Amino acid sequence: EFTKYPGKSACGNVLCDVHFGGSFKKTLLISSRDPEGAPEDVIIFRNLFLLPADPMIEVRAVNGLAIVNNMLDAATRAVGIMPEGFGVYNVEIRDNYIGTSAGGVYFDKTGASGGNISVHDNYLWSPDGVVALGQDYTGISVNNDYFVLGSGNAVFMAFAKAADIG
């Protein structure tokens, strides 16, 4: 768990070369209990997530997050963007293998905001690759991803502002 607390710094945390397996309901939470701040510059790099979590990585508050070169497999959903308080900003999800039964990257409708979020160069084996719900997201880009679908949508966005899909 990477959580920012009032009066404490939460900058530059790295999770690298870890294997997560078993039957946990959730694996990693990135959040804040500080209404005026969030963890900054978090890097999730070169890990193996192999468990039926929903989601494997839950992002509630952050300013600067890289989820890069991981294997996220066997989950219901891999990455859940669910902004609270400060919101979710400046996120890059790149070069990952994502295999799920319900959704790869999911942007939930929470009422808090998020922006400048890039999902690119991933391999997604999922019924719904990238799903963005709600009106509180600005600047989502989904580019150069490879989608393998059994059903569902490669990319579905409802009300996202300044979205870039290519």
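On a predicted model such as this, the values are computed, not experimentally measured, just so you know.

Reading guide: rules and limits
- Each residue is numbered by its place in its chain's sequence as written, counting from 1.
- Given that the model is predicted, a residue must reach a pLDDT of at least 70 before its local features are reported, and side-chain atom pairs must reach 80 or more before they are shown or counted; all residues, however, enter totals for whole chains, interfaces and linings.
- In computing side-chain properties, one takes all heavy atoms of the structure into account and sets aside hydrogens as well as water.
- What makes a nonpolar core is a set of buried Ala, Val, Leu, Ile, Met, Phe, Trp, Tyr and Cys residues whose side-chain atoms join them at distances within 4.5 Å.
- Only protein chains enter the accessibility calculation, which uses a 1.4 Å probe; a residue is then buried when its area is under 20% of its type maximum, exposed when over 50%, and partly exposed in between.
- The helix count covers DSSP runs of H or I at least four residues long, the strand count covers runs of E at least two residues long, and both are numbered beginning at the N terminus.
- Residue contacts are counted whenever heavy atoms from the two residues lie within 4.5 Å of one another.
- Note on definitions: salt bridges are taken to be side-chain nitrogens of Lys or Arg within 4 Å of carboxyl oxygens of Asp or Glu.
- Pairs of strands are assigned from DSSP output, requiring at least two bridges between the strands.
- Aromatic pairs are defined between Phe, Tyr and Trp rings, using the six-membered ring for Trp, whenever the two ring centres lie within 6.5 Å; interplanar angles under 30 degrees are classed as stacked, those over 60 as edge-to-face, and all others as tilted.
- Cation placement over rings: the criterion is NZ of Lys or CZ of Arg within 6 Å of the ring centroid and within 35° of the ring normal.
- Whenever a nitrogen or oxygen atom comes within 3.5 Å of another N or O atom, the pair is scored as a polar contact, on the condition that within protein one atom can donate a hydrogen and the other can accept it, and that pairs from neighbouring residues in sequence are kept only if both atoms are in side chains.

Trainee: Account for the nonpolar core, naming residues and giving values.
Mentor: One finds Ile44, Ile57, Leu65 and Phe107 to be the most contacted residues of the largest nonpolar core, which totals 34 residues. If one sorts the elements of this core by residue count, strand 9 (residues 71-81) sits on top with five residues. In this view, Leu65 contacts Ile30, Val42, Ile44, Val59, Asn90, Val91 and Glu92; residues no more than four positions away in its chain are not counted.

Trainee: Provide a residue-level description of the pattern of salt bridges, including the pertinent values.
Mentor: For the structure on display, the rule yields seven salt bridges. Between Lys4 and Asp34 there is a salt bridge, with the nearest N and O atoms lying 2.9 Å from each other. You can see Lys4 sitting in strand 1 (residues 2-4) and its partner Asp34 sitting in the loop between strand 4 (28-32) and strand 5 (40-45), a full 30 residues away along the chain. A relative accessible area of 11% means that Lys4 is categorised as buried.

Trainee: Explain the sheet that holds strand 10 (residues 88-94) to me, using residue names and the numbers behind them.
Mentor: Across a sheet, paired strands are connected by hydrogen bonds in the backbone, their directions being either parallel or antiparallel. Read from one edge to the other, the open sheet built from seven strands follows the order 2-5-8-10-12-15-18, with strand pairing classed as parallel. Edge positions in the open sheet fall to strand 2 (14-16) and strand 18 (164-165), since each of these has one partner strand only. The pairing of strand 10 with strand 12 (residues 114-120) spans six bridges and is parallel. Looking across to strand 12, one finds that Val88 is bridged to Gly114.

Trainee: With reference to specific residues and values, describe the environment of Asp108.
Mentor: Here Asp108 lies in the loop between strand 11 (97-107) and strand 12. Remark: the alpha-carbon pair of Asp108 and Asp136, spanning 28 residues in sequence, is separated by 9.7 Å. Excluding residues within four positions of it along the chain, Asp108 makes contact with Ile81, Met82, Pro83, Leu133 and Tyr137.

Trainee: Can you break down the packing of aromatic side chains residue by residue, with the values?
Mentor: One pass over the full model with this rule turns up six aromatic pairs. Ring geometry for Tyr123 versus Tyr146: centroids 5.2 Å apart, planes at 20°, classification stacked. In this pair, Tyr123 sits in strand 13 (residues 123-125) while Tyr146 sits in strand 16 (residues 146-148), placing the two residues 23 residues apart along the sequence. Among the residues examined, Tyr123 registers a relative accessible area of 29% and is labelled partly exposed. Three or more aromatic residues joined by ring pairs make a cluster, and in this case those are Tyr97, Tyr123, Trp125 and Tyr146. One cation-aromatic arrangement involves Arg77 over Tyr106; the distance from NZ or CZ to the ring centre is 4.4 Å.

Trainee: Account for the side chain of Ser32, naming residues and giving values.
Mentor: Checked against the element boundaries, Ser32 lands in strand 4. At 2.7 Å, the side chain of Ser32 and the backbone oxygen of Gly37 are in polar contact. Not counting chain neighbours up to four residues away, the residues in contact with Ser32 comprise Thr3, Lys4, Gly37, Ala38, Pro39 and Ala61.

Read these as geometric descriptors, not functional statements.
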